[in-house]
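# Architecture and fold: a report
So you can see what is in the structure, the chains are spelled out below.
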Amino acid sequence: MKYKFLGDTGVLVSELCLGTMTFGGEGYFEVMGKVDQLEATAQVKTAFEKGINFFDTANVYSYGRAEEMLGAAFTDLALCRDEVVIATKARGRMYPGANQIGLSRLHLMSSVDSSLHRLGMDYIDVFYVHGVDEYTALEETMRGLEDLVRSGKVRYIGVSNHTAWQIMKANGIAEKNGWTKFVACQHYYSIAGRELERELVPMMKDQNLALMPWSPLAGGFLSGKFTRNNESTGDNRRDSFDFPPVDKEKAYDIIEAIQPIAENHGVSVAQIALAWLLHQKSVTSVIIGAKRPDQLLDNIAAVDVTLTAEELAILDRVSAIKPEYPAWMIERQSRDRLIQ
Ligand SMILES: NC(=O)c1ccc[n+]([C@@H]2O[C@H](COP(=O)([O-])OP(=O)(O)OC[C@H]3O[C@@H](n4cnc5c(N)ncnc54)[C@H](OP(=O)(O)O)[C@@H]3O)[C@@H](O)[C@H]2O)c1
């Protein structure tokens, strides 16, 4: 397991992060999996023993149950708080009330208190805003986050599912006011979903922001169990929950390109899909998710896969995104800027 810096913070996180969206399985989240406390504790134990020091949850996962289970797992395993980096999030609706949603100072402040209570912890290492709130001014959100950091309840702040310009604007507001800036981005990224390479990845590189890809297997689609001839194998989340959206024809081309590479390495298709992400320079820590112990072990083993330049080129070609304006114009106009 390698460790990478969380942006400019000096904090090291493992190149894999354990996601907890399968913990609990209550209500809307039932389709993700119904990992119970014993299994959740076993997942955390396996992950920690394999070198994972980074754990991702959110207030909305099973409406707080995932946070409770993650906290209980740390207590059960008597893990030292300082040895792990814990991330949680807020934005989604938790309760029916008018203000139980969004990125207002009001909701962020109460969300952090509730998350700390459920986790049984005194502080959150990385607190993400879980998505865009079009009804709250960025100044309001950034000021609320600054106060959370100053209060000691939050160490670092991160941003999820925002556009590049929104992140730049938010950090600009923070910088102008001497407030805490976002250090990490949690966005969807997989070999079948590379759209963030257009604007977000260059921005993150320029700003030295950490990138934590979510749904690295596109919700299980890239595990190899779905093929053109067998779209459903039963008891899979993607059977009834078609998310994240995938261009299926292109994804099958990608899976077919992965298969011989996986066979050559003697590993699973899932491991190659994860290894491809781990080989991307922009990626800090890939957030893996598992419904069963064998999936977790399979996914963790991806850190041992080294892809050759030729294999990376094959995978890059089959999964490349179409150039979009102004990217193709910038590339064209930049050609004669090269020193021959
Ligand atoms: N910020 C956000 O908006 C956001 C959104 C989504 C997720 N996340 C975070 O990212 C984490 C990971 O997301 P994800 O769960 O969607 O990741 P994923 O890796 O794309 O999908 C995980 C699912 O794929 C299947 N799977 C995993 N490994 C497998 C293997 N080796 N072989 C066969 N099937 C396998 C399992 O479901 P089945 O067995 O049912 O197929 C598993 O639950 C979450 O836990 C959460 O922490 C964040």
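Everything numeric in this text was worked out from a predicted model, so none of it was measured. (Residues numbered from 1 in each chain as written. Predicted model: local features only at pLDDT ≥ 70, side-chain atom pairs only at ≥ 80, totals over all residues.)

## Observations concerning the overall build of the protein
Looking only at helices and strands, the protein features twelve helices and ten strands. For 340 residues, the compact-globule formula gives about 20 Å, and the C-alpha radius of gyration of the protein, at 20 Å, lands near that figure. Each principal axis of the C-alpha distribution contributes one length, and for the protein these read about 55 × 50 × 35 Å. The burial tally for the protein puts 46% of its 340 residues in the buried class. In the protein, the proportion of contacts linking residues at least 24 apart, taken out of those at least 6 apart, comes to 79%. (Helix = DSSP H or I, 4+ residues; strand = E, 2+ residues; numbered from the N terminus. Rg over C-alpha atoms; globule rule 2.2 N^0.38 Å. Buried ≥ 20, exposed ≤ 12 C-beta atoms within 10 Å, placed from the backbone. Contact = placed C-beta atoms within 7 Å.)

## Regarding the site of the ligand
Inspection of the region around the ligand gives 32 residues, with Gly19, Met21, Gly220, Ser223 and Gly289 positioned closest. Elements supplying a minimum of two residues to the shell around the ligand: helix 7 (237-240), strand 10 (286-288) and helix 10 (293-300). With three residues, helix 10 is the largest single contributor of residues to the shell around the ligand. Partitioning the shell around the ligand into residue classes produces nine nonpolar, 17 polar and six charged. (Near = placed C-beta within 6 Å. Nonpolar A, V, L, I, M, F, W, Y, C, P; charged D, E, K, R; others polar.)

## Quick word on helix 1 (residues 37-49)
Taking 1.5 Å per residue, 13 residues should reach 18 Å; helix 1 reaches 18 Å between its end C-alpha atoms and fits that length. Taken residue by residue, helix 1 has Glu39, Ala40, Gln43, Val44 and Ala47 as its buried positions. On an axial view of helix 1, the arc spanned by its buried residues comes to 140°, and they lie on one face. Exposed positions of helix 1 whose direction lies more than 90 degrees from the buried face are Leu38 and Glu49. Against the buried residues of helix 1 lie strand 3 (16-19), helix 2 (65-76) and helix 10. Looking at the residues trailing helix 1, positive phi occurs at Gly51, about 105°. (Expected span 1.5 Å × (residues − 1). Arc of directions from axis to C-beta.)

## A few points about the sheet that holds strand 6 (residues 124-129)
Spatial strand order, 9-8-7-6-5-4-3-10: eight strands in an open sheet with parallel pairing. Both outer strands of the open sheet, strand 9 (210-214) and strand 10, are each paired with one neighbouring strand and no more. Pairs of neighbouring strands in the sheet enclose a mean axial angle of 30°, with direction left out of account. Here two bridges tie strand 3 to strand 4 (residues 54-56), and the two strands are oriented parallel to one another. Looking at strand 4, one finds that Leu18 is bridged to Phe55. (Pairing = 2+ DSSP bridges. Axes fitted to C-alpha atoms, helices over the stretch in contact; angles between N-to-C directions.)

## Observations regarding the nonpolar core
Among the nonpolar cores identified, the biggest contains 98 residues, and Cys17, Ala184, Cys185, Leu222, Ala273 and Val286 are the most heavily contacted of them. At nine residues, helix 9 (residues 269-278) tops the list of elements feeding residues into this core. When near neighbours in sequence (up to four residues on either side) are disregarded, Val286 contacts Glu15, Leu16, Cys17, Pro213, Pro216, Leu274, Leu277 and Leu278. (Core = buried A, V, L, I, M, F, W, Y, C linked by C-beta atoms within 7 Å.)

## Observations concerning helix 10
When we look at burial in helix 10, the residues that qualify are Gln295, Leu296, Asn299 and Ile300. Projected down its long axis, helix 10 carries its buried residues within an arc of 125°, all on one side. In this structure, helix 10 carries Asp294 and Leu297 as exposed residues pointing more than 90 degrees from its buried face. For helix 10, the elements touching its buried residues are strand 3, helix 1, helix 9 and strand 10.

Honestly, it's all geometry; don't read function into it.
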